[in-house]
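Remarks on the overall topology
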Amino acid sequence: MSIIKQILDSYATGSSLSLSVHQNIFGELPVLVIKHPTCSAAVSLQGAHLLFWQPSTETTPVIWLSQKANFKKEMAIRGGVPICWPWFGKLGDPMHGFARLVEWQLDSCKEDNNGVDLTLSLTNNQQTERFFTKPFQAWLTIHVGQTCEVTLSCQGDFEATSALHTYFGINNIDNVTVKGLGDLYQDRLPVENKPAILGQLTFNQEVDRVYTNADEAITIFDGKRTIKLTNINASDVVTWNPWIDKVKAMADFADQEYQSMVCVETCRINKPLKLSTTQKSVYGFKIEVI
Ligand code: TA6
């Protein structure tokens, strides 16, 4: 049975937070399962991690979750929207920061005809202080309905790099074109891997790039549907597909799954978030099928 179906099935025995949101434990982790007339989705409290999202007009998830994703304490979840914060990649240890490894608190859960709105928060505590000693507060808002909107806000007295590391569900990587990325990028791989057409990205090998001058609106066309990603207050967009060999070496990826996902990530890397203790630094995205 697909992992998404298993998570959705856990709705039946979960405790009700509102008409369309039930909380249950999946693996080792508390998960909010959403079955709303506009969409189905789920959020793990560990990482404030949106696990998948499928508008009711779609037959497959727009935000993708690996069949082999781990649901274990302090382990990153493969798929969905991992929150990489307060550093991206190997700018610190652990990789991609600690926000995705620790449990966030659910502050509010509301719903109406348009969908479900959640706010989660994280404040420095004993668990986070093992990774990072500075005081901070972070909030994540998630709206899921016919669209999916996520914002990350934070306060503190340091600079943070960050990514909303979204995994998109696609029909077949061979047919994918990502547009709106601009033509300036930093390659994160030591390979000759030029785009066929400037500003457009197609995939025939591993891709891992930081685009530094992307448009606000990016489209991902997979031969069947077009997903529009609108970034708000981001400075970079990372694109990633691990391709055949890397996926085989990753225990939380099934061998063929590189064909059905692509990461297009809303980031603050080259212009880090300059946190203050009095005002929130905010960035985020909106996703819709057009
Ligand atoms: O954002 C792209 C990237 O940094 C890749 O280099 C790749 O390794 C990926 O993220 C996944 O990282 P993770 O730590 O989740 O395995």
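This write-up is about the structure you can find in this document.

The rules we used
- Residues numbered from 1 in each chain as written.
- Predicted model: local features only at pLDDT ≥ 70, side-chain atom pairs only at ≥ 80, totals over all residues.
- Heavy atoms only, no water.
- Helix = DSSP H or I, 4+ residues; strand = E, 2+ residues; numbered from the N terminus.
- Rg over C-alpha atoms; globule rule 2.2 N^0.38 Å.
- Buried < 20%, exposed > 50% of the residue type's maximum accessible area, 1.4 Å probe, protein only.
- Contact = heavy atoms within 4.5 Å.
- Areas by Shrake-Rupley, 256 points an atom, 1.4 Å probe, with all protein chains shown as cover.
- Lys, Arg positive; Asp, Glu negative; His and termini not counted.
- Charge placed at Lys NZ, Arg CZ, Asp CG, Glu CD.
- Pairing = 2+ DSSP bridges.
- Salt bridge = Lys/Arg side-chain N within 4 Å of Asp/Glu carboxyl O.
- Core = buried A, V, L, I, M, F, W, Y, C linked by side-chain atoms within 4.5 Å.
- Near = heavy atom within 4 Å.
- Polar contact = N/O pair within 3.5 Å; in protein donor to acceptor, adjacent residues only side chain to side chain.
- 1 Å grid on protein atoms, 1.4 Å probe; cavity = no way out; pocket = protein on both sides within 12 Å on 5 of 7 lines; lining within 4 Å.
- Sits in = over half its atoms within 2 Å of the grid points.
- Nonpolar A, V, L, I, M, F, W, Y, C, P; charged D, E, K, R; others polar.
- Phe/Tyr/Trp six-rings, centres within 6.5 Å; stacked < 30°, edge-to-face > 60°.
- Lys NZ or Arg CZ within 6 Å of the ring centre and 35° of its normal.

Counting secondary structure elements, the protein contains 3 helices and 21 strands. The C-alpha atoms of the protein give a radius of gyration of 18 Å, which matches the 19 Å a tight globule of 290 residues would have. The principal-axis extents of the C-alpha atoms in the protein amount to approximately 50 × 45 × 35 Å. Out of the 290 residues belonging to the protein, those deemed buried represent 57%. Of all intrachain contacts in the protein linking residues separated by at least 6 positions in sequence, the fraction that spans at least 24 positions is 64%. For the protein, the accessible surface area stands at approximately 12400 Å², while carbon and sulfur atoms represent 49% of it. Within the protein, the 30 negative side-chain charges are centred at a point lying 1 Å from the centre of the 25 positive side-chain charges.

Turning our eyes to something else, we now look at the pairing of strand β8 (residues 115-123). Judged by how many residues are buried, β8 sits mostly within the fold: 7 of 9 residues are covered. As paired strands, strand β7 (residues 105-112) and β8 are joined by 7 bridges and run antiparallel to one another. Pairing of Cys109 across the sheet is with Leu118, part of β8. Pairing between β8 and strand β9 (residues 136-145): 9 bridges, direction antiparallel. Bridging across to β9, Asp117 finds its partner in His143.

Turning our attention to the pattern of salt bridges. All told, the structure shown has 8 salt bridges when counted by the stated rule. Note that Asp187 and Arg209 form a salt bridge whose closest N and O atoms lie 4.0 Å from each other. Residue Asp187 is found in strand β14 (residues 185-187), and its partner Arg209 is found in strand β16 (residues 207-211); the two are separated by 22 residues along the sequence. Under the relative-accessibility criterion, Asp187 is labelled partly exposed at 31%.

Take the nonpolar core next. Of all hydrophobic cores here, the largest spans 69 residues; its most connected members are Trp85, Trp104, Val144 and Ile287. Not counting residues within four places of it along the chain, the set of residues in contact with Val144 comprises Ile34, Thr38, Cys39, Ala41, Leu50, Trp53, Asn114, Gly115 and Val116. Ranked by size, the runner-up nonpolar core spans 16 residues in total, among them Tyr11, Phe26, Phe71 and Ile77.

What follows is about the site of the ligand. The local shell around the ligand consists of Arg78, Phe88, Met95, His96, Arg100, His165, Arg188, Asp208, Val238, Trp240, Met250 and Glu265. In the environment of the ligand, an oxygen atom lies 3.1 Å from a nitrogen or oxygen atom belonging to the side chain of His96. Contact distances for the ligand include 2.7 Å between an oxygen atom and a side-chain N or O atom of Arg188. Most atoms of the ligand, that is more than half of them, are within 2 Å of grid points of the largest pocket. By residue class, the composition of the shell around the ligand is 5 nonpolar, 2 polar and 5 charged.

Glancing now at the packing of aromatic side chains. One pass over the structure, following the stated rule, counts 17 aromatic pairs. Aromatic pair Tyr167 and Trp240: ring centres 6.2 Å apart, planes at 80°, arrangement edge-to-face. Here Trp240 lies in strand β19 (residues 236-241) and Tyr167 lies in strand β12 (residues 167-169), a separation of 73 residues in the sequence. Exposure remark for Trp240: the relative accessible area of 9% places this residue in the buried category. Both rings, one in Trp240 and one in Phe253, keep their centres 6.4 Å apart while their planes meet at 70°; by these two values the pair is edge-to-face. Note that Trp240 is positioned in strand β19 and Phe253 in the loop between α3 (243-248) and β20 (261-274), a separation of 13 residues in sequence. Across from the ring centre of Tyr185, 4.1 Å away, lies the NZ or CZ of Arg209, which sits over that ring. Here the guanidinium or amino end of Lys280 rests over the ring plane of Trp139, the centre of that ring lying 4.2 Å away.

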